[in-house]
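Now for the letters of each chain:
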Amino acid sequence: MSRLASGGRIDRSRPLSFRFNGTDYRGYAGDTLASALLANDVGVVAQGVTYGRPRGIFTAGVEEPNALVHVGNDTMLRATQVELVDGLEAVGLNGRGRLSLDSPSAVAGSPISPSPSGGGQGGGSDRYDKIYAHCEVLVIGGGRAGITAALDAAQTGDRVILVDEQAELGGRLLGAGWNDWLADSIAKLESAPDVRLLTRATAFGHYDQNLVLIAERLPSGGSLRQVRAKRVVLATGAHERPLIFANNDRPGIMLAGAARTYVNRYGIAPGKRAVIFTNNDSTDFVAADLKRAGITVEAIVDVRAGEAVVDTLAWQGGGLRGVMIAPLTGDGQRREVQCDLLCVSGGFNPTLHLFSQAQGRLRYEEGLACFVPDAAPPNVEVVGAAAGDLGGRGQGTIMPYWVVPSNGREWSTHFVDLERDVTVADVRRALRAGMRSVEHVKRFTTIGTGTDQGKTAGINETAIIAAQLGQPVGAVGVTTFRPPYVPVSFGLMAGRNRGDLFDPIRVTAIHPWHVANGAVFENVGQWKRPWYFPREGEEIEAAVLRECRAAREGVALMDASTLGKIDIQGPDASEFLNRIYTNAFDNLKVGFCRYGLMCTADGMVFDDGVVMHLEPDRWLATTTTGGAAAVLDWMEEWLQTAWPDLKVRLTSVTDHWSDVAVVGPRSRDVVRALFPGLDPSRESFPFMAIREGETGGIPVRLHRITFSGELAYELWTPSWYGLALWEAVMAVGQPLGITPYGTETMHVLRAEKGYIICGQETDGTVTPQDLGMSWIVSKKKAFIGQRSHRRTDAMRPDRKHLVGLLPVNGDVILPEGAQLILEPNGAAPAKMVGHVTSSYRSAALGHTFALAMLQSGRERVGTTVYAPLNGHAVAATVTDPIFYDKENVRRDS
Amino acid sequence: MLIPCPWCGDREDVEFKYGGSAQVAYPSDPASVDDATWARFVFFRPNPKGKMAERWVHTAGCRRWFNLVRDTVTHEITPP
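Fair warning: this is a prediction, and the values are worked out from it, not measured in the lab. (Residues numbered from 1 in each chain as written. Chains lettered and ligands numbered in written order. Predicted model: local features only at pLDDT ≥ 70, side-chain atom pairs only at ≥ 80, totals over all residues.)

What to know about the overall build of chain B
Working step 1: The secondary structure content of chain B amounts to one helix and six strands.
Working step 2: In terms of overall size, chain B is more extended than a compact globule, its C-alpha atoms giving a radius of gyration of 15 Å where 80 residues would be expected to give roughly 12 Å.
Working step 3: Once the C-alpha set of chain B is aligned to its principal axes, its extents read approximately 40 × 30 × 20 Å.
Working step 4: Across the 80 residues that make up chain B, the buried fraction comes to 10%.
Working step 5: Sequence separation of at least 24 residues holds for 51% of the intrachain contacts in chain B that already meet a minimum separation of 6. (Helix = DSSP H or I, 4+ residues; strand = E, 2+ residues; numbered from the N terminus. Rg over C-alpha atoms; globule rule 2.2 N^0.38 Å. Buried ≥ 20, exposed ≤ 12 C-beta atoms within 10 Å, placed from the backbone. Contact = placed C-beta atoms within 7 Å.)

Structure representation (structure tokens):
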């Protein structure tokens, strides 16, 4: 055990047990997983991902490149940030296997078991929330500078949020013995009325206008806090960086400040015999604190005194055995010093990840040998070590120094990026390959692309490039900092938006009946629509053929409530509709409906639907189920931006109405039985007419419209009555064998009639003329897209036309989306002349059929085209797109 | 990005839908313009680096359309 007899901020009265890679250990409340492992003399926690070299704990914080672990449901956690809790089970992340000195078998592929109380509860029960907040001042970083800034801001009475990634505020001070000042300051902040302190919360993204994303860790799960701040104070501190030398990656080598933190904060001696290797004053404090903890400081190797650690030695298991020290001149005597701890300091890098994300610019400061903030983005302020004030770190004088030469040896053990296992040799190779920009070297070598984002590697990379190219460090610059600052779990990003809450689910008022009667559903936008209603043991094909037959030969009904519905009111409504739709509406009488088609400005079909004229200044337009929101947006856009003079108001009423479509030759009998006072005969209730009625106290608006080609009525009622109306129709239709049907049958019926579905036959490149619907394009009035129909391209004779296809083998269903070619055995590549848009088996026709968009299709009627499928060409005859009741006898019967 | 809706005030950009370039007038008499002029209106829009007049609609709010000037480099928004 390396635990000191006393000292540190751990609670020795609360011992905890935990398991790492299958072995049980003990630690104390207040430990991190990393400190507890060090206390248990677990020196090797990982293997290098490429070379498999043993690695130890290198830092005491967020910048850790080696000790990455999986706890519960959370992965990519840094052991230096995982708080120890009783029963914690952690597994080293297995890039290419993990090594434990004590139990080398508890390694790669060891099962990951959920922790009872650690990072997660297991079984996916972790709960993540999203929390939104606003404040005047957001202070990021709870060290000396951050606490000071928060105290200042609190004076003004502003809303202040102070956020820190550690379990307690204090930052560096926690390892440096400022306990009284800390306790006093935190007490002041806690008593301030509008100050919120967030710990265990890492600000990982800083976006435009001071939107800051914060990942807050909770015992099981976490919160994604999105804070919008008037002003952001970045008190993000500084990260110590290592010096680079041969075999600088051995367990037992760690950042000097980290060693000090383990002594002072966790009461641990991370070694018995230490060597310190430095280029600055900060290690004076380290040496003093190590000595006070009873650690022998064997040597302080200072490049400013002309000496360097040029190599290291290891025991069999990988742990540090000693260092080789030599004069910088390279020609002096090498001497060996035995040690088990090497504390390295190459100076400090202000932590400017968030600053850079927010588009702050950096500049290199020669005197400090680091990049410091230059131009700050609006309303962002940097304070403390992050601003280049490294006095608190004790950097003092520094001799800029980066890489110890290898004395003629290879550079392949001079590690730059420990997580990515990238060496100086790799950087030199990148430069020899012609890379010059730091961004290119990053991508060539992968420096900084690990989960630690190169926090200990990035600036050293820049310095190596600068030295090799003979350029100033500042001219080489740094790579772009991008969010997230630390790995963030997908669970946190998703929050509650998972499972049933991923996206809204919309159901109609009749939905419970569909569920009770065994409907199979399909998703149409956010709607759940019955797809078909199978009987016992029935597959989709048999069910759909049965449903189609019922609609064509008897009576059937469908829930059409999901149709988009837009209420249009105002004295200029008819003029508005005239401009929106390709056909005219100003001549439609009250009490009648008309099918309408609308185009975008480029002349392409956008949506369609039936428009009802209800009162002189009141209309109701239906849209496709999926297009409802887009059509309303489209109408609003034109109304507000192009035609503000029109007196028209639009409201979505999609959910206000239930729509029961009663379809088939016997539908009139059903309507007659439901509405005894209403004459449903062809003469008094003609095609496209609207009537009001009531049945059993249910108010109903009846429309003689059809999407099946059969005699049909659409019965609308306020959705409150929807289920009652549906059940009433079912009851009356029972003796006639009334059959509920779903969207699949609806599709077959409409396709047999050649009725298009916008978004299925059309794809934003199809004009009404392409569809053979010139009859609906007015020549007498102006409408959106009209001018585009006269463009040369819109009038090309070889445009794709809507046609029908009859497969020569009437059992074959062409897949929707299949490409069409003219020559079944022609040379590759075959010229593609069209594609299948809809394809079904027809009960009425007794064989399969399809709709397709085909180049010059109307001229090819009667010819044969081929769909190449799985290595052979399926032949189909081109036909007119209307397969059934071309004369509309049944519709108008 | 915060977008100032003239009716609702500053709101998050997720509440809005982008409407492309502002100040593109619908030709007063589409029937009289030639193909090239019409194509320019339908298909061509400015794409400057710097200040750009844009249309936005507050879809998840008041549903009103409005114009603003946004700097495409800095996202700084100024009144039209």
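Anyway, onward from the coordinates.
So, the sheet that holds strand E3 (residues 17-21) of chain B
Working step 1: With respect to topology, four strands assemble into an open sheet ordered E3-E4-E5-E6 (chain B), the strand pairing being antiparallel. Pairing within the sheet leaves two strands with one partner each, and these edge strands are E3 and strand E6 (77-78) of chain B.
Working step 2: Strand direction decides the pairing type here: strand E5 (residues 65-71) of chain B and E6 of chain B, joined by two bridges, are antiparallel. Directly across from Arg 70 of chain B, in E6 of chain B, lies its bridge partner Ile 77 of chain B.
Working step 3: Contacting E3, strand E4 (51-57) and E5 of chain B, helix H15 (residues 628-641) of chain A runs over the sheet at an angle of about 85° to E5 of chain B. (Pairing = 2+ DSSP bridges. Axes fitted to C-alpha atoms, helices over the stretch in contact; angles between N-to-C directions.)

Considering the confidence of the model for chain A
A low pLDDT means the predicted coordinates there should not be read in detail.
Working step 1: For chain A, per-residue confidence averages 93 on the pLDDT scale, and 96% of positions sit at 70 or higher.
Working step 2: Low confidence marks residues 97-123 of chain A, where pLDDT is under 50. Its contacts with residues over four positions away, or in another chain, come to 76 contacts. (pLDDT = per-residue confidence, 0-100.)

Observations regarding the sheet that holds strand E18 (residues 307-314) of chain A
Residues and elements named next belong to chain A.
Working step 1: Within the open sheet, the three strands sit side by side as E18-E19-E20. Their pairing is antiparallel. Single-partner strands in this sheet number two, and they are E18 and strand E20 (335-338). Pairs of neighbouring strands in the sheet enclose a mean axial angle of 30°, with direction left out of account.
Working step 2: Bridging between E18 and strand E19 (residues 320-327) involves seven bridges; their strand directions are antiparallel. Of the residues in E19, the one forming a bridge with Leu 313 is Gly 322.

Topic: the packing of helix H7 (residues 424-432) of chain A against helix H8 (residues 438-445) of chain A
All names here are of chain A.
Working step 1: At a minimum axis distance of 9 Å, the contact between H7 and H8 shows a crossing angle of 120°. Overall, the two elements H7 and H8 adopt an arrangement that is oblique. For the pair H7 and H8, the sense of crossing is right-handed. Within the contact between the two elements, H7 uses Asp 426, Val 427 and Ala 430 and H8 uses Val 441, Phe 444 and Thr 445.
Working step 2: Within the contact of H7 with H8, the residues separate by chemical class into four nonpolar, one polar and one charged. (Parallel < 35°, antiparallel > 145°, perpendicular 65-115°, else oblique. Left-handed = near helix turned anticlockwise from the far one by under 90°. Nonpolar A, V, L, I, M, F, W, Y, C, P; charged D, E, K, R; others polar.)

Observations concerning the nonpolar core
Residues and elements named next belong to chain A.
Working step 1: Counting 146 residues, the largest nonpolar core has Val 139 and Leu 342 as its most contacted members.
Working step 2: Those residues within four positions of Val 139 in sequence are excluded, and the remaining contacts are Gly 146, Ala 149, Ala 150, Ala 153, Val 160, Leu 162, Val 233 and Ala 235.
Working step 3: The next biggest cluster of nonpolar side chains, apart from the first, holds 103 residues, and it includes Leu 557, Ile 566, Val 605 and Met 635. (Core = buried A, V, L, I, M, F, W, Y, C linked by C-beta atoms within 7 Å.)

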